[in-house]
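A look at the structure
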Amino acid sequence: MDERCIGIVGAGIMGSGVAQVAAQAGYQVILTDMSATQLEKAVAGIAAGLASRVQRARMTEAERAAALERIQTGSALSDLADLPLIVEAVYEDFDVKAGVFRTLDQLVSPETVLASNTSTLPVTELAAVTSRPQRVVGMHFFNPVPAMRLVEVIRGLATDDHAVALVTRVAEDLGKTPVVIKDSPGFVSSRLLAPMINEAAFALMEGIASREDIDTILKLGANHPMGPLELADLIGLDICLHQMETLYQSFGDPKYRPCPLLRQLVAAGYLGRKTGRGFYEYAQ
Ligand SMILES: NC(=O)c1ccc[n+]([C@@H]2O[C@H](COP(=O)([O-])OP(=O)(O)OC[C@H]3O[C@@H](n4cnc5c(N)ncnc54)[C@H](O)[C@@H]3O)[C@@H](O)[C@H]2O)c1
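Residues numbered from 1 in each chain as written. Predicted model: local features only at pLDDT ≥ 70, side-chain atom pairs only at ≥ 80, totals over all residues.

1. Details of the overall build of the protein
On a plain count of helices and strands, the protein comes out with 11 helices and 8 strands. In terms of C-alpha radius of gyration, the protein reaches 20 Å, essentially the compact-globule figure of 19 Å for 284 residues. Oriented by its inertia axes, the alpha-carbon framework of the protein measures out at about 60 × 45 × 35 Å. For the protein, buried positions account for 41% of its 284 residues. Long-range pairs, those at least 24 residues apart, make up 64% of the contacts in the protein with a sequence separation of at least 6. (Helix = DSSP H or I, 4+ residues; strand = E, 2+ residues; numbered from the N terminus. Rg over C-alpha atoms; globule rule 2.2 N^0.38 Å. Buried ≥ 20, exposed ≤ 12 C-beta atoms within 10 Å, placed from the backbone. Contact = placed C-beta atoms within 7 Å.)

2. A word on the site of the ligand
Near the ligand there are 23 residues, and of these Gly-10, Gly-12, Met-14, Glu-92 and Asn-143 occur at the shortest range. Along the lines of polarity and charge, the residues of the shell around the ligand split into 11 nonpolar, 10 polar and 2 charged. (Near = placed C-beta within 6 Å. Nonpolar A, V, L, I, M, F, W, Y, C, P; charged D, E, K, R; others polar.)

3. Points about the domain arrangement of the protein
Once the domains are mapped, the protein shows domain 1 (5-182) and domain 2 (190-274). Between the C-alpha centres of domain 1 and domain 2 the distance comes to 28 Å. (Domains from an automatic or database assignment.)

4. Concerning helix 1 (residues 13-24)
When the terminal C-alpha atoms of helix 1 are compared, their 17 Å separation across 12 residues agrees well with the 16 Å that a helix rising 1.5 Å per residue should span. Counting buried residues in helix 1 gives 11 out of 12 residues, a clear majority hidden from the surface. Among the residues making up helix 1, those that are buried are Met-14, Gly-15, Ser-16, Gly-17, Val-18, Ala-19, Gln-20, Val-21, Ala-22, Ala-23 and Gln-24. Once helix 1 ends, the next one or two residues include Gly-26, with phi positive near 95°. (Expected span 1.5 Å × (residues − 1).)

5. Looking at the pairing of strand 4 (residues 85-88)
A two-sided burial pattern is seen for strand 4, the buried positions comprising Leu-85 and Val-87 on one face and Ile-86 and Glu-88 on the other. Alignment of strand 1 (residues 5-9) against strand 4, held across 4 bridges, turns out to be parallel. Each bridged residue has a counterpart across the sheet, and for Ile-6 the counterpart in strand 4 is Leu-85. In this sheet, strand 5 (residues 113-116) lies alongside strand 4 in parallel orientation, the contact comprising 4 bridges. (Pairing = 2+ DSSP bridges.)

So this is what it looks like as structure tokens:
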């Protein structure tokens, strides 16, 4: 197994971001997706991301070309057979992810560590669909991957020290700060961020303050770079709602009930920046 080689399943926003930072850090990357169009889009996006680093004098032209060379694409999961680490970044849907994990489990070496970039799904349950639960771990990158410094490393109930040590080391190689936590609904990031956004939606719904004032209060009063409502629009209100529903169902605690205003905006299709309207309106 080549230690500095990483496989990625899913070449969307997150998978292509991980591919870029891994190639930048000198890793050989095999980036796979079920969609050939998506793979082309991902490579174009990575090329643009690397070119912008050259423009900002963060990397030389030769380094850019070498990084791009290190990325190989394909659609077959069997291409990932002998790698030490595979990062899964497919849709946030348990059945889709479980399907990928079952297939990988059969195709790849029993030594391979399977890491999921899930933001909410239980790592322990994903691990349980494989015959190697000790080799399954959460590796939660943040969006945009090249800019965000954190990797939340999630230890499932059966995850062993080898898997945790491997993803921790790779995260550090990629210039990130790994933080290891236990598997729990919403991990730490979504468990804290989603209720803050939800509470901001309640404050807006109750007419306590305007959307701008709610955001200003947290920006100036708590030094947050973005207000919670602006942040919700960036993340996507559907994703915020889904996170609250997951917390509510998992803990059965009413403190996690989603705000009716959040539900209403999602039902109207006002999902944030991606649809041109959320808590704020955006020129398309
Ligand atoms: N977007 C974010 O802000 C963000 C942040 C942190 C974590 N995440 C998590 O990262 C994961 C990926 O999110 P994303 O935003 O990159 O999604 P995305 O929709 O941009 O990309 C998902 C990709 O997976 C591919 N795919 C789906 N099923 C597949 C399969 N069976 N085999 C191979 N490829 C398959 C799709 O073709 C698509 O290209 C999710 O679990 C998400 O929760 C997302």
